[in-house]
Amino acid sequence: MRCNGLAAIASIVALLGNVAASAQQSPAAPRAVDPTFEQWCSHCHRSGIYMAGTLGLLRKYNGSKPALLEERDDLSVAAVKAVVRHGSNSMPPFRKTEISDAQLDALARYLAKQ
Amino acid sequence: MRLPPGVSQGDFDRSLRDFAAAVGGDWVFSKEDDVRLYDDSYTPFFGEPDKQYQASAAVAPITVEQVQQIVRIANRYNIPLYAISTGRNLGYGGSSPTYSGCLIVDLKRMNRVLEVNDREAYMIVEPGVSFIDLQRYFDDHNHAFLVATPDPGWGSPVGNALDHGISPVAGDNFGMVAGLEVVLPNGEVLRTGMGGVSMSHMWANYPYGFGPVLHGLFSQSNLGIVTKMVFWLVRKPEMEQGFSVTSYRSEAWQPMIDAAQQMRQSGLLYVTGIGSPIRESMSTNDGRQPYGVPAVRALHARRDGGSITEWEQLGRDNHIPVARVVGTARGPAGIVRATLEHARDVFAGIEDTELKLEKPLDYSQSNPYRPRIEFGGLGAQETSRGHFYFSPVFKPSVEDLLDINDTIRKVMLDAGDADMLANYGWSSGWSVTYPKACMILIELLIHDNVELNRKRRNLYVKLVDACGARGWAEYRAPVAFQSTVMNQYSFNNHILLRFIETIKDGIDPNGILAPGKSGIWPKRLRKV
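Quick notes on the rules
Residues numbered from 1 in each chain as written. Chains lettered and ligands numbered in written order. Predicted model: local features only at pLDDT ≥ 70, side-chain atom pairs only at ≥ 80, totals over all residues. Heavy atoms only, no water. Salt bridge = Lys/Arg side-chain N within 4 Å of Asp/Glu carboxyl O. Helix = DSSP H or I, 4+ residues; strand = E, 2+ residues; numbered from the N terminus. Buried < 20%, exposed > 50% of the residue type's maximum accessible area, 1.4 Å probe, protein only. Contact = heavy atoms within 4.5 Å. Buried area = accessible area lost by both parts, 1.4 Å probe. Polar contact = N/O pair within 3.5 Å; in protein donor to acceptor, adjacent residues only side chain to side chain. Nonpolar A, V, L, I, M, F, W, Y, C, P; charged D, E, K, R; others polar. Pairing = 2+ DSSP bridges. Axes fitted to C-alpha atoms, helices over the stretch in contact; angles between N-to-C directions. Disulfide = S-S within 2.5 Å. Parallel < 35°, antiparallel > 145°, perpendicular 65-115°, else oblique. Left-handed = near helix turned anticlockwise from the far one by under 90°. Core = buried A, V, L, I, M, F, W, Y, C linked by side-chain atoms within 4.5 Å. Phe/Tyr/Trp six-rings, centres within 6.5 Å; stacked < 30°, edge-to-face > 60°. Lys NZ or Arg CZ within 6 Å of the ring centre and 35° of its normal. 1 Å grid on protein atoms, 1.4 Å probe; cavity = no way out; pocket = protein on both sides within 12 Å on 5 of 7 lines; lining within 4 Å. Points joined across faces, edges and corners; volume = space filled by probe spheres on them.

Things to note about the pattern of salt bridges
Residue and element names in this part refer to chain B.
Then step 1. Applying the stated criterion to the full structure yields 42 salt bridges over all chains.
Then step 2. Of the charged contacts, one joins E181 and R191 as a salt bridge, the two residues approaching to 2.8 Å between their closest N and O atoms. With E181 in strand β10 (residues 177-183) and R191 in strand β11 (residues 189-191), this residue pair connects regions lying 10 residues apart in the sequence.
Then step 3. A residue is classified by how much of its surface remains accessible, and E181, at 3% relative accessible area, is buried.
Then step 4. A residue is classified by how much of its surface remains accessible, and R191, at 38% relative accessible area, is partly exposed.
Then step 5. Each member of the salt-bridge network shares a partner with another, and the members are E48, K51, E451, R454 and R457.

And the structure:
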């Protein structure tokens, strides 16, 4: 990575500060983190300058929706499943040897807050 | 359903039943939705599905014996196989085969860390273990070793090493391999090095054994399916600290590089790098100007690329140095500090240079090499469909750095690709793998625009050919370009490839393993 990527990261690090701040202000999650989220999604979709997923969603929504997936309240089970199995932008899809259908059910319900 | 070329529907169906009998029905994937998950998610053929390499089905074994059975079944029906470790070699093909119709052997379920030896600093792992899995294992079991991770962390240490992947931790990841266990194309299991001695306790300790050293044959090749790998490990250091040395005078550049390289060759430094900040400032702000230096872009766009004098003047005018080297010291704090003091003394002997220390990294507080998913900053970029890399190898010298950059710049200029010229018309070189070689990594982004993707693929081939004609070839290549890259290795009428093909024909007469991998085709598919 260099050039455009570096410049873009520099310009949104400040926004990430806002993400972290809003995360701190949110009430503590009342339930345990889904283990599939922890294993497969957290490295990309939590707060931090190297989190490609969070950066991408920050770019996409520019503050109109939370960049952190666990803070979203508009995700449906079907949408989560579709993104995991088909990918989205530079996020690749995940195979069934990585995330089984049963694990995907639980992950989708976790992110859809069901 | 896509059939393997030359295989009848009846034979394919029978093979799927046999594969299911070997691994269990749940671990054979032949439905369209499941098989498409093995497509290259960063394909340079985005928007052109007819040009993409696609699998026919996939099978996911969990034991070596199952891999043996799969290979024997494939021979029975002439089914081409393509093995993946975790399938996350993104930018180089991911889980995609090199030949459409291959049946993917997905080794992700073979995910055991079989041994970590604290005293002797080695481990034995299966291919499905990811860098993230390994970090978790080290954390859970208090093993004080670094994970030699690239990006993304879902990748496999085994798969990465087999593709000659690099990391700032170990540099040459395949260089840390002491032994392999391989299922050969006839289904037999081979262990390399001291693993060749029955019941030996020495497999991890001495990589050569006796006779020809074989483990290199199974890297970037299609001569077997690797099911275990013995790695030597890098101990977690106390600290790490980098430095950079810059100059506004071009005459200081080669002495600076020589000094850094000598420290590297003496084992004092790990990663080193060479560059020219003013020449690279066409699109980076270098902390000074928000959109790069317009005069720099103009000079790169000029056919002759500017003289040494012009670049020095541009550097002085913009307060950006013309020459730079960087290096990193790692180890016990006292030794790192002494190394940096030594560096200060060495570079003080070269006129008009300035040495700056980077912030030290204290490993007791954090690990800078924890596996992560950054995708090379893709999340922060305009692109939406991934990337692939052009990555030639050259000498760490001013002459080679200037020459290769000039060659690349002119290819971009001739192609009329202003965006690539603005971003990659000049690149620094990183000596990550060996002290004697540098690499340039040029990222080609994949877009929704089919025509632009085609233009970038053409540019890639032109870059490979232009650099190859000057003696620089790639260390690694995306699946779509592996034959193009192998074609650069043309000494004595391509004897390198012809020799590998002779081995291929001997041990894989049916040509079932990964046809086309690294440009190595079995006899039945070889173009004369």
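Looking at the interface of chain B and chain A
Then step 1. The partner chain A presents 29 residues to the 43 residues of chain B that form the contact.
Then step 2. A combined buried area of about 3200 Å² lies between chain B and chain A, and 57% of that area is made up of carbon and sulfur atoms.
Then step 3. The largest share of the area that chain B buries against chain A comes from L37, W154 and A380 of chain B, three residues that together contribute 20% of it.
Then step 4. Counting the contacts that link chain B with chain A gives 3 salt bridges.
Then step 5. In this structure, R88 of chain B engages E98 of chain A in a salt bridge whose closest nitrogen and oxygen atoms are separated by 2.8 Å.
Then step 6. Counting across the chain B and chain A interface gives 9 residue pairs in polar contact (both at pLDDT 80 or more).
Then step 7. Listed by contribution, the elements that provide at least two residues to the side of chain B that touches chain A are α4 (131-140) and α12 (418-424) of chain B.
Then step 8. Sorting elements by how many residues they give to the side of chain B that touches chain A places α4 of chain B first, with 3 residues.
Then step 9. The residue inventory of the side of chain B that touches chain A, partitioned by class, reads 17 nonpolar, 14 polar and 12 charged.

Notes on the sheet that holds strand β5 (residues 113-117) of chain B
Residues and elements named next belong to chain B.
Then step 1. Taken together, the 5 strands give an open sheet; going across it, the order is β5-β6-β12-β10-β11, and neighbouring strands pair in antiparallel fashion. The sheet is open, and its two edges are formed by β5 and β11, each paired on a single side. This sheet shows a mean twist of 10° between the axes of neighbouring strands, independent of strand direction.
Then step 2. Bridge analysis of β10 against β11 gives 3 bridges, and the strand direction is antiparallel.

Brief notes about the state of the cysteines
Then step 1. Following the criterion strictly, the structure yields 0 disulfides over all chains and no others.
Then step 2. Here C44 of chain A stays unpaired: no disulfide links it, and the sulfur of C41 of chain A, its closest cysteine neighbor, is 8.9 Å away.
Then step 3. Taking the relative accessible area as the measure of exposure, C44 of chain A reaches 6% and is therefore buried.
Then step 4. Free cysteine C467 of chain B: the closest other cysteine sulfur is in C438 of chain B, separated by 14 Å.

What to know about the packing of helix α6 (residues 253-265) of chain B against helix α11 (residues 398-414) of chain B
All names here are of chain B.
Then step 1. With their axes 9 Å apart at the nearest point, α6 and α11 run at an angle of 110° to one another. With respect to their mutual orientation, α6 and α11 come out roughly perpendicular. For the pair α6 and α11, the contacting residues are W253, Q254 and I257 in the first and V398, E399, L401 and L402 in the second.
Then step 2. Here the contact of α6 with α11 is built from residues that sort into 5 nonpolar, 1 polar and 1 charged.

What about the sheet that holds strand β2 (residues 57-59) of chain B?
Sheet strands associate in pairs through backbone hydrogen bonding, adopting either a parallel or an antiparallel arrangement.
All names here are of chain B.
Then step 1. Sheet architecture is open: 4 strands sit in the order β1-β2-β4-β3, paired in mixed fashion. Sheet topology places β1 (28-29) and β3 (81-84) at the edges, where each strand pairs with a single neighbour.
Then step 2. Note that β1 and β2 share 2 bridges and pair antiparallel. Pairing of F29 across the sheet is with A58, part of β2.

Let's talk about the packing of α11 of chain B against helix α13 (residues 450-469) of chain B
Residues and elements named next belong to chain B.
Then step 1. Put simply, α11 and α13 touch, their axes get as near as 10 Å, and they point 145° apart. The chirality of how α11 crosses α13 is right-handed. Where α11 abuts α13, its residues I404, T407, I408, V411 and M412 lie against L459, K462, L463, A466 and C467.
Then step 2. Classifying every residue of the contact of α11 with α13 by side-chain character gives 8 nonpolar, 1 polar and 1 charged.

Some thoughts on the nonpolar core
Residues and elements named next belong to chain B.
Then step 1. Grouped together as the largest cluster of nonpolar side chains are 91 residues, with contacts concentrated most on F347, F375, F390, I408, I442 and Y460.
Then step 2. Per-element accounting of this core gives the leading share, 7 residues, to α11.
Then step 3. Each residue touching I442, except ones within four places of it in the same chain, is listed here: F388, Y389, F390, I408, M412, M420, Y424 and S427.

Quick word on the packing of aromatic side chains
Then step 1. Applying the stated criterion across every chain yields a total of 14 aromatic pairs over all chains.
Then step 2. Ring centres 5.6 Å apart and planes at 70° place the aromatic pair Y206 of chain B and Y208 of chain B in the edge-to-face group.
Then step 3. By relative accessible area, Y206 of chain B is classed as partly exposed at 38%.
Then step 4. Site record: aromatic cluster; members linked through ring pairs are F388, F390, Y460 and F481 of chain B.
Then step 5. Across from the ring centre of F94 of chain A, 4.7 Å away, lies the NZ or CZ of R88 of chain B, which sits over that ring.
Then step 6. Stacked on the ring of W27 of chain B, the Lys or Arg R109 of chain B has its end atom at 3.8 Å from the ring centre.

With respect to empty space enclosed by the protein
Residues and elements named next belong to chain B.
Then step 1. All told, the structure shown has 4 cavities of 30 Å³ or more when counted by the stated rule.
Then step 2. In this structure, the largest cavity occupies an estimated 150 Å³ of space.
Then step 3. For the largest cavity, the lining is made up of 15 residues, of which M123, A148, F231, W232 and L233 are closest to its centre.
Then step 4. Elements with a contribution of two residues or more to the lining of the largest cavity: α4 and β12 (225-232).
Then step 5. For the lining of the largest cavity, the element with the highest residue contribution is α4, accounting for 3 residues.

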